[in-house]
Amino acid sequence: MPDPAVPPTPPVALSALLAREDLGLRQIAGPRDTNTVIHWAHTSEMADPYPYLLGGELLLSAGVHIPEAAGSGTYFDDYVSRIVAAGGAALGFGLAPVHDTVPRALVESCDTYELPLLEVPPQTTFSGVARAVWQLMAQARHAELRRVTEAQQSLAAAASRPDPVRAVLRQLAQRIGGWAVLYGPEGAESASAGRAPDRQRPEAASAGRAAEIAAAGRAAEIAAAGREPGDVVRGALAGLAAVVRPSGPGTPTSATDTAAGTHLAAYALGAGQGFVLGVAAPHRDTGDHTIASVAAVLLSLLTGEHQSGSGAARSSALVRLLLGAEPEAVAPLLGSGGWLVVHGSPDAQPCDPVAAAALGAALGSPLVDLARDVVRVLVPADREPAPQPGWTLGVSAPATARDWPVADTQAARALSRARATRTPLHRHGTHRPALTDLLSPGEAEAHARALLAPLTPPLAETLRTWLSLHGSWDRTAVALAVHRNTVRQRIARCAALLGTDLDDPDVRMELWFALRHGER
């Protein structure tokens, strides 16, 4: 998982910032590593900036904090060491208005602690440096999005060609500049048996052991494309694939590792049949994970469709239903055991067929129904649904085919509950029956919208926050980052528009109900 302190934007190479002629920056100390990157620019004149740094910063200072006798003691060593300890990427020192030159002791300390030191000329403002950083980030982000978009288009085109699985693998290998392999479920035991004892660091295995793992991995390979790696990398990737192959609750859906200087990644395909996509590349560029994830979704759909004639079985089931067969008579064609109905609402409206199919693949079922504002998925009960990024899910209790309609209602109510409580997934039966369970989601939403119609979105959000904080003016002001008088004015305006007394507990209860069900 990425460090949550790092922003979701591509980093900027320090060399790219130094190349900006309009800034006139000059590196005068520290390692001249072209791989040094910065995630943001931050200005501070604190003698100890450590508590205020998140890591990856270009710290900018004009030296206001430097005492007159700093050069004769350990001041600069202490200052630079704290920046390095906080994870600072580089230090920029402004030559104006306090200092005409960069203190020699500071240069020596940056060399000692290997912190890049940049000289900022008088005509360059710190805000100008920060703006340049964000401009370079925007350019990098644009290039990344363009690369990912082009890869998505080429992968989608590959999926429509003859022999689509191999075509997708070839395109993926080309895009990442490495090797892509699809492992089948029939090799799960052999790959697992050949896995290194330390699953987290498979590259530590001996050469002989690596050859055994690689041989076991080859038994599971269905198709591959790109430049084939050596036995150490091949064995490590096979071991990583065994880590993500479904083996029970808590199994990760993806994992990464390195072996012999090669970056590895494995993705469990959502078809639920034990297929795994493995990727090995000499370097890991921004956007590679997104590109590989797109390929995994496409391969999930392709492998799901071609599993033991399941596509034909589903077509047969549909025909029998249309011809009047009962659901319980058709269910065996789809698989044995109980079923769960999952209702999914995308965080970004509206939902398209590709996103709906991707949700079904992630949940391990191709049985997907796309409606206007919700996606319904029929999932075997032995596949426990997990929260999915970008979706709010409601899950029914396990049901037989005869009880599918009841389970569908349960999933709809669970989705409504998940929306109201702002949780990514809610399962039917995990809370005590509440008053809201007596109303259908549609009726609750219609009532909420009618009641809150006079309020603008800012007023509704202020009212929701105020009620959630039990009418506290100060806490609401802090939560909304506004003045407490602004909160008072907005609440008074809400009371006037709604024509009601907000001091009445019954009124507050009804409004809270409406606010929880009208946020779709």
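If you're wondering where the values come from, they're calculated on a predicted model, not measured in any experiment. (Residues numbered from 1 in each chain as written. Predicted model: local features only at pLDDT ≥ 70, side-chain atom pairs only at ≥ 80, totals over all residues. Heavy atoms only, no water.)

Caption draft 1: The overall build of the chain, seen in detail. A tally of helices and strands in the chain yields 18 helices and 17 strands. Expressed as a percentage of the 520 residues in the chain, the buried residues total 46%. Excluding contacts between residues fewer than 6 apart, the proportion of contacts in the chain whose partners are at least 24 apart in sequence is 67%. Of the roughly 25900 Å² of accessible surface on the chain, 55% is carried by carbon and sulfur atoms. (Helix = DSSP H or I, 4+ residues; strand = E, 2+ residues; numbered from the N terminus. Buried < 20%, exposed > 50% of the residue type's maximum accessible area, 1.4 Å probe, protein only. Contact = heavy atoms within 4.5 Å. Areas by Shrake-Rupley, 256 points an atom, 1.4 Å probe, with all protein chains shown as cover.)

Caption draft 2: Here's a closer look at the packing of helix α15 (residues 457–468) against helix α17 (residues 484–498). One can describe the packing of α15 onto α17 by two numbers: an axis separation of 9 Å at closest approach and a directional angle of 105°. Considering their axes alone, α15 and α17 lie roughly perpendicular with respect to each other. On the side of α15, the interface is formed by P458, L459, T462, L463 and W466, while α17 contributes V487, R490, I491, R493, C494, L497 and L498. Its residues placed into classes, the contact of α15 with α17 shows nine nonpolar, one polar and two charged. (Axes fitted to C-alpha atoms, helices over the stretch in contact; angles between N-to-C directions. Parallel < 35°, antiparallel > 145°, perpendicular 65-115°, else oblique. Nonpolar A, V, L, I, M, F, W, Y, C, P; charged D, E, K, R; others polar.)

Caption draft 3: Geometry of the packing of aromatic side chains. Counted by the stated rule, this structure contains four aromatic pairs. Plain terms: the ring middles of Y75 and F76 are 5.6 Å apart, the flat faces sit at 85° to each other, and that makes the pair edge-to-face. Each member of the pair, Y75 together with F76, is buried. Judged by centre distance (5.4 Å) and plane angle (35°), the ring pair of W466 and W473 falls under tilted. Judged by relative accessible area, which is 3%, W466 ranks as buried. Three or more aromatic residues joined by ring pairs form one cluster here, namely Y75, F76 and Y79. The cationic tip of R82 hangs over the ring face of Y50; the distance from NZ or CZ to the ring centre is 4.1 Å. (Phe/Tyr/Trp six-rings, centres within 6.5 Å; stacked < 30°, edge-to-face > 60°. Lys NZ or Arg CZ within 6 Å of the ring centre and 35° of its normal.)

Caption draft 4: Fine view of the confidence of the model for the chain. Averaged over every residue, the pLDDT of the chain is 82; the share at 70 or more is 85%. In the model, residues 187–205 has pLDDT below 50 throughout and makes 34 contacts with residues more than four positions away in sequence or in other chains. (pLDDT = per-residue confidence, 0-100.)

Caption draft 5: Local environment of the environment of D33. Tracing the backbone shows D33 in the loop between β2 (26–29) and β3 (37–38). Overall, D33 belongs to the partly exposed group, its relative accessible area being 39%. Separated by 19 residues in the primary sequence, D33 and L14 have C-alpha atoms spaced 8.7 Å apart.

Caption draft 6: Examining the nonpolar core more closely. Ranked by size, the top nonpolar core spans 30 residues in total, and within it L155, L169, L172, L277, V279 and L299 carry the most contacts. Of all elements in the fold, only α4 (126–159), α5 (164–176), β8 (179–183), β9 (221–226), β11 (262–268), β12 (276–281) and α9 (288–305) reach the threshold of two or more residues within this core. It is α9 that provides the largest number of residues to this core, a total of eight residues. In terms of nonpolar packing, the next biggest core, distinct from the first, is built from 21 residues, L53, L59, Y79 and L91 among them. (Core = buried A, V, L, I, M, F, W, Y, C linked by side-chain atoms within 4.5 Å.)

Caption draft 7: Examining the sheet that holds strand β16 (residues 391–395) more closely. Taken in spatial order, the five strands make up an open sheet running β14-β15-β13-β16-β17, and their pairing is mixed. Each of the sheet's edge strands pairs with one partner strand only, and the pair in question is β14 (368–370) and β17 (425–427). Pairwise comparison of adjacent strand axes, ignoring direction, gives a mean angle of 15° for this sheet. Looking at chain direction, β14 and strand β15 (residues 375–380) are connected through three bridges and run antiparallel. By the bridge assignment, V368 is partnered in β15 with V377. Here helix α13 (residues 404–421) sits on the sheet and contacts β13 (339–346), β15, β16 and β17; the angle it forms with β13, its principal contact strand, is near 35°. (Pairing = 2+ DSSP bridges.)

Caption draft 8: Molecular detail of the pairing of β15. Within β15, five of the six residues are buried, which leaves the element mostly enclosed by the surrounding structure. Where β13 and β15 come together, six bridges link them in antiparallel fashion. Bridge pairing links L340 to V379 in β15. Hairpin connection between β14 and β15: a loop of four residues separates the two successive antiparallel strands.

Caption draft 9: Representation of unusual backbone geometry within the structure. Between A96 and the following residue, P97, the backbone shows a cis peptide bond with an omega angle of 5°. You can see P97 is positioned in the loop between β6 (90–94) and α3 (104–113). In this model, A260 sits at a positive phi of 55°, which is unusual for a non-glycine residue. Positive phi values are uncommon outside glycine, yet A481 reaches one of about 60°. With respect to the element layout, A481 can be found in the loop between α16 (473–480) and α17.

Caption draft 10: Examining the sheet that holds β9 more closely. On the basis of which strands lie adjacent, the open sheet formed by five strands has the order β9-β8-β12-β11-β10 and antiparallel pairing. This sheet does not close on itself; its edge strands, each paired only once, are β9 and β10 (254–259). The mean angle between the axes of side-by-side strands here comes to 15°, regardless of whether they run parallel or antiparallel. Pairing between β8 and β12: five bridges, direction antiparallel. Looking at the pairing, A180 lines up with V279 of β12. Sitting on the sheet, α5 touches β8, β9 and β12, and the angle it makes with β9 is about 40°. Sheet strands in contact with helix α8 (residues 231–244) are β8, β9, β10, β11 and β12, and its direction is about 30° off that of β11.

Caption draft 11: Focus on the layout of surface pockets. The space that makes up the largest pocket amounts to roughly 1600 Å³. Looking at the largest pocket, it is lined by 48 residues, and the ones nearest its centre are T253, A361, A362, L363 and Q388. Taken together, the elements giving at least two residues each to the lining of the largest pocket come down to α4, β11, α9 and α12 (353–363). The leading source of residues in the lining of the largest pocket is α9, at eight residues. (1 Å grid on protein atoms, 1.4 Å probe; cavity = no way out; pocket = protein on both sides within 12 Å on 5 of 7 lines; lining within 4 Å. Points joined across faces, edges and corners; volume = space filled by probe spheres on them.)

Caption draft 12: Spotlight on α17. Look at α17: 21 Å from first C-alpha to last across 15 residues, which is about the 21 Å you get at 1.5 Å a residue. Those residues of α17 that fall on the buried side of the exposure criterion are V487, I491, C494, A495 and L498. Each buried residue of α17 lies within a common arc of 95° when the element is viewed along its axis, so the set occupies one face. Exposed positions of α17 whose direction lies more than 90 degrees from the buried face are Q489 and A496. Two residues or fewer after α17 comes G499, characterised by a positive phi angle close to 60°. (Expected span 1.5 Å × (residues − 1). Arc of directions from axis to C-beta.)

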